[in-house]
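Observations on the three-dimensional arrangement
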Amino acid sequence: MRLDVLAIAAHPDDVELTCGGTLLKMARMGYKTGILDLTAGEMGTRGTPEIRAREAAKAAKFLRVAWRGTLGVPDSDVQATRAHKMRLAQVIREARPKTVILPYWEARHPDHYHASELGYEGCFLAGLKQLPLEGEPHRPHKILYCTSFEGMPPTFIVDITREYETRRKAILAYGSQFRRSCRRSRCRWRTWWSCR
Ligand SMILES: [Zn+2]
C-alpha cells in the first residue's frame, strides 16, 4: 500500500466534511488516496459503531479512496499519547503517503484539535529510524490542514465544483448522523447538517 494522499481525522464523516471533495478530485486525477479514522465514532449521540462503519464504507466508495482504516483510538479521548502515536506511525510506515491531510489545530470539538496534534506527531515519529516499529522509516513530504469552519483564513482553497455533488452524497451516506436541517428551535447550528 503506497498512498499519494492520506487524510486523517478523529471520526468517521470528518474527512467527508472537511476535505472529501479534494480526495475525490485527487482520485479522479489518478492519485491513490486513503482515509484513516482515528476512532470508530462510538461516542456519537446517534448510530452504533457497526452502522457508522457501514456508512463510512459507503462514503469511501463515493470518494473513490483506495483504502480506509480505523486506528482504534477511543472516541472522545483522542490524545497524542505515546501509544497512539506509535500505532499511527506504524500505519504511516505501511501506507507511505506522500501527503497527509490533518484537521486544523483549532476546533470546537476537542477530538478534532487533538487529532491534529496526534496526526502531526505520528507522522514525525514514523520517520525516526530507531523506533521499534516494523517497516522502513517514512515521513510524508507535506502535511496540509483542513477545516469545515469559517474564521480561519485559508492559505489556499481547492475548487471542488465538479466533485461537489458526489461529495454531498458521501456526506449523506452517514444517514445516522445527518438530517436535512436541525429542528431544534434554538439551535445555533441551524443548517442542513446535524448539530450533534
Ligand atoms: Zn468529528
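You'll find the structure just up there.
Residues numbered from 1 in each chain as written. Predicted model: local features only at pLDDT ≥ 70, side-chain atom pairs only at ≥ 80, totals over all residues. Heavy atoms only, no water.

1. Some remarks on the coordination of the zinc ion
The protein atoms donating to the zinc ion are His11 (ND1), Asp14 (OD), Asp14 (OD) and His112 (NE2), with metal-donor distances spanning 2.1 to 2.5 Å. One can describe the site at the zinc ion as irregular: its four donor atoms subtend angles covering 55 to 121 degrees at the metal. Here the donor residues for the zinc ion map to a single chain with the spacing H-x2-D-x97-H. You can see His11 sitting in the loop between strand E1 (5–9) and helix H1 (14–28) and its partner His112 sitting in helix H4 (residues 110–126), a full 101 residues away along the chain. Assessed through its relative accessible area of 2%, His11 is described here as buried. (Donors = N, O, S within 2.8 Å, 3.2 Å for Na, K, Ca; no water. Tetrahedral: all angles 85-135°; square planar, octahedral: opposite > 155°, others 65-115°. Helix = DSSP H or I, 4+ residues; strand = E, 2+ residues; numbered from the N terminus. Buried < 20%, exposed > 50% of the residue type's maximum accessible area, 1.4 Å probe, protein only.)

2. Comments concerning the environment of Leu102
With respect to the helices, strands and loops of the structure, Leu102 is situated in strand E4 (residues 99–103). Leu102 has contacts with Ile8, Ser116, Gly119, Tyr120, Ile143, Leu144, Tyr145 and Cys146, leaving out every residue within four places of it along the chain. (Contact = heavy atoms within 4.5 Å.)

3. A word on the pattern of salt bridges
Counting across every chain of the model gives seven salt bridges. Between Glu16 and Arg68 there is a salt bridge, and its shortest N-O distance comes to 2.8 Å. One end of the pair, Glu16, is in helix H1; the other, Arg68, is in strand E3 (residues 67–70), and 52 residues separate them in sequence. Summarising the burial analysis for this pair, Glu16 and Arg68 share the class buried. The shortest N-O distance in the salt bridge between Glu163 and Arg28 comes to 3.3 Å. One end of the pair, Glu163, is in the loop between strand E5 (142–146) and helix H5 (164–172); the other, Arg28, is in helix H1, with 135 residues separating them in the sequence. By relative accessible area, Glu163 is classed as buried at 3%. Looking at Arg28, the relative accessible area reads 29%, which means it is partly exposed. Residues participating in the shared-partner salt-bridge network are Glu16, Asp37 and Arg68. (Salt bridge = Lys/Arg side-chain N within 4 Å of Asp/Glu carboxyl O.)

4. A few points about the nonpolar core
Ranked by size, the top nonpolar core spans 24 residues in total, and within it Ile8, Leu36, Leu38 and Ile92 carry the most contacts. Looking at this core, the elements with two or more residues in it are E1, helix H3 (82–95), E4 and H4. Among the elements that take part in this core, H3 stands out by supplying six residues, more than any other. Once residues within four sequence positions are removed from consideration, Leu36 is found in contact with Leu6, Ala7, Ile8, Ala9, Trp67, Gly69, Thr70, Leu71, Leu88 and Val91. The next biggest cluster of nonpolar side chains, apart from the first, holds 20 residues, and it includes Val5, Cys19, Leu23 and Ala59. (Core = buried A, V, L, I, M, F, W, Y, C linked by side-chain atoms within 4.5 Å.)

5. Topic: the sheet that holds strand E2 (residues 33–37)
Taken in spatial order, the five strands line up as E3-E2-E1-E4-E5 in an open sheet, and their pairing is parallel. At either margin of the open sheet sits one strand with a lone partner, and together these are E3 and E5. Geometrically, the sheet is characterised by an average inter-axis angle of 20 degrees between neighbouring strands, direction not taken into account. The strands that H3 touches are E1, E2, E3 and E4; relative to E1, the one it contacts most, it runs at about 160 degrees. (Pairing = 2+ DSSP bridges. Axes fitted to C-alpha atoms, helices over the stretch in contact; angles between N-to-C directions.)

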